[in-house]
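Structure at a glance
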Amino acid sequence: MSPLVFLEHVYLPAVHGPKARITIGNRIIAPDGFKRSTTLVDGTFPGPLIMAQKGDHFDIEVVNKLEDDKMFELTSVHWHGIFQNRTNYADGTSFVTQCPITPNHSFLHSFSANGQAGTFWYHSHYSCDGLRGPLVIYDPEDPLRYMYDIDDANTVITLADWYHHLAPDLRGQIARADSMLINGHGRYINGTHAELAVINIRPGRRYRLRLVQISCDSNVLFSIDGHNLTVIEADGVLTEPLVVDQLQILASQRYSVVLVADQPVGNYWIRSLPNTDNATYDKGMNSAILRYEGAPEVDPTTVETPSTNPLLETNLHALINPGAPGTPGYGYADYNITLEVTAADLRFYVNNVTYQSPPVPVLLQILSGARDPSQLLPNGSVYVLKPNKVVELTVAIAAPGGPHPIHLHGHTFDVIQSAGSSIFNYVNPVRRDVVSAGNAGQQMVIRWVTDNSGPWFLHCHIDWHLEAGFAVVMAESPEDTGSHVSPVPYEWDRLCPIYDNYKGGLPEVAGGGLD
């Protein structure tokens, strides 16, 4: 009996509102045709789309039903890009803002997004085994609404590298993804002709595509054959519209692009080429299908053409209130900090310190009275900052494995200098929450204001690099944190005692866990 062959898949995302209960559990799936056990939200990859309107309050209960002891049984969920102002305890960062959730327990994340709108996502701090999904906050008064007609669950596109080996088995080595999934579907070398995702459009319509890069490592070159794309958002922040024909998107970055359905009715390849060795589009790998209404249900025959107008980060500019905070000029901020990143023996070092998770979450340390860097663990990895100061941070790379996507929790920042560029822009830089620090020999410079008291993780968003120590904690005005986050929920207070009494099997987590 011949095997059943799937050629394509029309993506119908599962959707939750801002008040939801999500269950973290194990399931065997085969998104690229290779079966493996995974850690998923509500049994799907990617996890359900969480949709909200600007101003909504979130109440999301995370329930841990993990039972596969070959993978991490502890969990936490970080709401990537949400500032968590006054709710640092809901940030979902194990051993920075909370103790992890143990099996058969739950934690209610209750928070407001404080006027934020845009494209975000959520993911675990313990797993590159599938716990990740998109989160979108829609703005009914979006100032760029005139540019598009359609912006719904079907125009959210997730890009994810995928591994055939379990994450705990890949620790301590250089992990290589086996495939790239678009909306949870893809193919791998010498694999079956697995189904591909299809994005359906109608001629003449204008679509806001929300590109969510949920990979553990890979950065991708994204394009759609025959179509230009107009960038209007980077990481939850609107940008001046910018027309491009290709975007390099690093792990955890997000872009909104407007696609105009102005080409002849047909099928067009959507391309998401990862920076893995020998990556190709052979047999539909690293691809999905853009299908016009009225086109036959067949694979595209379109041909890739070289990019002539790729996205350059220095060409992106914040649309609203542009301009970096503080006095213009390199070194003229209140805090001027340089983090030098090196590596040795498969560990990363930030200013000669490799990050190791502390035994007690940093937030709990602060709420218990610790204030000075000498009192805060992990030793040498916590930077204490006074309130309402301008920070200018330089991250200089002297380590392999780049380009390194750097994420700061609790804030967006202005990108003063992009990696590989000699330009310092204080007038109208892009504002975002993940930026490339580049490759060895390169650096990036960012600025933000310390107006959100609490400990905030700053780290490389390549999961394997975070696990290997590429992280620090920025502790903003610890003397104010107790009042800033008050009252701390009773459920949060219970997490650490429950975790301390947990006797289940847990592979030892080096570094910061997986983020």
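Residues numbered from 1 in each chain as written. Predicted model: local features only at pLDDT ≥ 70, side-chain atom pairs only at ≥ 80, totals over all residues. Heavy atoms only, no water.

**A closer look at unusual backbone geometry**
That bond from Leu 377 to Pro 378 is cis: its omega, 5 degrees, falls within 30 degrees of zero. Looking at the element boundaries, Pro 378 is found in the loop between α1 (362-367) and β24 (382-385). Cis geometry marks the peptide bond from Gly 402 to Pro 403, where omega comes out at 0 degrees. Position of Pro 403 among the secondary structure elements: in the loop between β25 (390-397) and β26 (405-408). At Gln 84, a residue that is not glycine, the phi angle is positive and equals roughly 55 degrees. Mapping Gln 84 onto the fold places it in the loop between β7 (77-80) and β8 (106-112). (Helix = DSSP H or I, 4+ residues; strand = E, 2+ residues; numbered from the N terminus.)

**Side note on the side chain of Arg 254**
Position of Arg 254 among the secondary structure elements: in strand β19 (residues 254-260). Within the structure, the side chain of Arg 254 is placed 3.0 Å from the backbone oxygen of Ser 252, a separation counted as a polar contact. Within the local environment of Arg 254, its side chain forms a polar contact with the side chain of Asp 433, the two groups lying 2.8 Å apart. (Polar contact = N/O pair within 3.5 Å; in protein donor to acceptor, adjacent residues only side chain to side chain.)

**Here's the deal with the state of the cysteines**
All told, the structure shown has two disulfides when counted by the stated rule. There is a disulfide in this structure between Cys 99 and Cys 496, and the S-S distance comes to 2.1 Å. Around the S-S axis, the bridge from Cys 99 to Cys 496 shows a dihedral of about 95 degrees and counts as right-handed. Here Cys 496 lies in helix α4 (residues 490-500) and Cys 99 lies in the loop between β7 and β8, a separation of 397 residues in the sequence. (Disulfide = S-S within 2.5 Å.)

**Section: α4**
Among all positions in α4, only Trp 492, Leu 495, Cys 496 and Ile 498 are buried. The buried residues of α4 occupy an angular sector of 165 degrees when projected down its axis, which confines them to one face. Along α4, the residues that are exposed and aim more than 90 degrees away from the buried face are Tyr 490 and Asp 500. Looking at the buried residues of α4, the elements they touch are β8 and α1. (Buried < 20%, exposed > 50% of the residue type's maximum accessible area, 1.4 Å probe, protein only. Arc of directions from axis to C-beta. Contact = heavy atoms within 4.5 Å.)

**Observations regarding the confidence of the model for the chain**
Looking at the chain, the pLDDT average stands at 94 and 95% of residues meet or exceed 70. Ignoring residues within four places in sequence, the model shows residues 1-10, a span with pLDDT below 50, making 24 contacts including any to other chains. (pLDDT = per-residue confidence, 0-100.)

**Quick notes on the pairing of strand β31 (residues 454-460)**
Most of β31 is tucked away, with seven of its seven residues classed as buried. Both β31 and strand β32 (residues 471-476) contribute to a ladder of six bridges, which runs antiparallel. Note on β32: the bridge partner recorded for Gly 454 is Glu 476. (Pairing = 2+ DSSP bridges.)

**Section: the sheet that holds strand β2 (residues 15-16)**
Strand order in this open sheet of five strands is β2-β5-β10-β9-β7, and the pairing throughout is mixed. Pairing within the sheet leaves two strands with one partner each, and these edge strands are β2 and β7. Across six bridges, strand β9 (residues 118-124) lies against strand β10 (residues 132-138) in antiparallel orientation. Each residue of the ladder has a partner; that of Thr 119, found in β10, is Val 136.

**Regarding the sheet that holds β32**
Strands in a sheet are paired, the pairing made by backbone hydrogen bonds, and the direction either parallel or antiparallel. Spatially, the five strands line up as an open sheet ordered β24-β32-β31-β26-β29, and their pairing is mixed. At either margin of the open sheet sits one strand with a lone partner, and together these are β24 and β29 (434-436). With direction set aside, neighbouring strand axes in the sheet form an average angle of 20 degrees. (Axes fitted to C-alpha atoms, helices over the stretch in contact; angles between N-to-C directions.)

**Some details on the nonpolar core**
By size, the foremost hydrophobic cluster in this structure holds 69 residues, and its most contacted members are Leu 247 and Leu 339. For this core, the element with the highest residue contribution is β25, accounting for four residues. Discounting residues that sit within four places of it in the chain, Leu 247 has contacts with Val 220, Leu 221, Phe 222, Leu 229, Val 231, Tyr 255, Val 257 and Leu 311. (Core = buried A, V, L, I, M, F, W, Y, C linked by side-chain atoms within 4.5 Å.)

**Let's talk about the pattern of salt bridges**
Side chains that differ in sign of charge can pair as their charged atoms come close. Tallied over the entire structure, the rule returns 19 salt bridges. Here Lys 54 and Asp 139 are joined by a salt bridge, their closest N and O atoms 3.8 Å apart. Placement of Lys 54 in the loop between β5 (49-53) and β6 (57-64) and of Asp 139 in the loop between β10 and β11 (156-162) is noted, with a sequence separation of 85 residues between them. The partner of Asp 235 in a salt bridge is Arg 254, and the shortest N-O contact between them spans 3.5 Å. In this pair, Asp 235 is assigned in the loop between β16 (229-234) and β17 (237-244) and Arg 254 in strand β19, connecting sequence segments 19 residues apart. Put simply, Asp 142, Asp 151, Arg 208, Arg 210 and Glu 233 are held in one network by salt bridges that share partners. (Salt bridge = Lys/Arg side-chain N within 4 Å of Asp/Glu carboxyl O.)

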